[in-house]
Amino acid sequence: KKVASQHDDEFLEQYGGDMDIVLIFSGLFSAVNTAFIAIMGPSDATTTDALLTQIITLMVMNSHGTPVTDTYPLPVPPAYSNGQIWFQTLAYASLSFSLLAAFGAVLGKQW
């Protein structure tokens, strides 16, 4: 019984440190990866600019008494290329695996 307890203590000490390293690495990697994923998203600036331009135009027309007869379509965002889709897929997959590794390390630490 004493030998098994000693073996368990050595095992937990060795792999507890390894799990701490996995937690730190996966946390940092997930943070950096999330920052890149947020940057890769579509820009809302063009839609916001178009909406503000429409609002200002309608307000000016209304203040001058001009009837509003024109419609102002919103700009269509450009489509993603196949390379961008693959890159985003890989980024989301790597984020998922990183979070899964962190979850496994947390489960291992609590066991």
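Let me sum up the structure you'll find in this document. Small disclaimer: the values here were computed from a predicted structure and weren't measured.

Quick notes on the overall build of the protein chain
Broken down by element type, the protein chain carries three helices and zero strands. Along the protein chain, helices (α) and strands (β) appear in the sequence α-α-α when read from the amino end. On C-alpha atoms alone, the protein chain measures out to a radius of gyration of 27 Å, which is more than a quarter above the 13 Å that the 2.2 N^0.38 rule sets for 111 residues. Projected onto its principal axes, the C-alpha coordinates of the protein chain cover approximately 95 × 30 × 15 Å.

Observations regarding the side chain of Ser 30
Following the sequence through the fold, Ser 30 ends up in helix α1 (residues 2-40). Of the polar contacts made by the side chain of Ser 30, one reaches the backbone oxygen of Ser 26; its length is 2.7 Å. Here Ser 98 takes part through its side chain, which lies 2.8 Å from a polar atom of the side chain of Ser 30. Here Ser 30 is in contact with Leu 95, Ser 98 and Leu 99, once residues within four sequence places are set aside.

Examining a negative patch on the surface
A surface patch of like charges, here negative, comprises Asp 8, Asp 9, Glu 10 and Glu 13. Relative to the assigned elements, Asp 8 resides in helix α1.

Here we look at the pattern of salt bridges
Enumeration over the complete set of coordinates arrives at one salt bridge. The shortest N-O distance in the salt bridge between Lys 109 and Asp 20 comes to 2.9 Å. You can see Lys 109 sitting in helix α3 (residues 82-110) and its partner Asp 20 sitting in helix α1, a full 89 residues away along the chain. On the basis of relative accessible area, Asp 20 is assigned to the partly exposed category, the value being 34%.

Quick look at the side chain of Ser 98
Relative to the assigned elements, Ser 98 resides in helix α3. Looking at Ser 98, its side chain comes within polar contact range of the main-chain oxygen of Ser 26, at 3.1 Å. Those residues within four positions of Ser 98 in sequence are excluded, and the remaining contacts are Ser 26, Phe 29 and Ser 30.

Conventions we followed
Residues numbered from 1 in each chain as written. Predicted model: local features only at pLDDT ≥ 70, side-chain atom pairs only at ≥ 80, totals over all residues. Heavy atoms only, no water. Helix = DSSP H or I, 4+ residues; strand = E, 2+ residues; numbered from the N terminus. Rg over C-alpha atoms; globule rule 2.2 N^0.38 Å. Polar contact = N/O pair within 3.5 Å; in protein donor to acceptor, adjacent residues only side chain to side chain. Contact = heavy atoms within 4.5 Å. Patch = residues over 30% accessible without salt bridge, like charges linked within 9 Å, V, L, I, M, F, W, Y side chains within 5 Å. Areas by Shrake-Rupley, 256 points an atom, 1.4 Å probe, with all protein chains shown as cover. Salt bridge = Lys/Arg side-chain N within 4 Å of Asp/Glu carboxyl O. Lys, Arg positive; Asp, Glu negative; His and termini not counted. Charge placed at Lys NZ, Arg CZ, Asp CG, Glu CD. Buried < 20%, exposed > 50% of the residue type's maximum accessible area, 1.4 Å probe, protein only.

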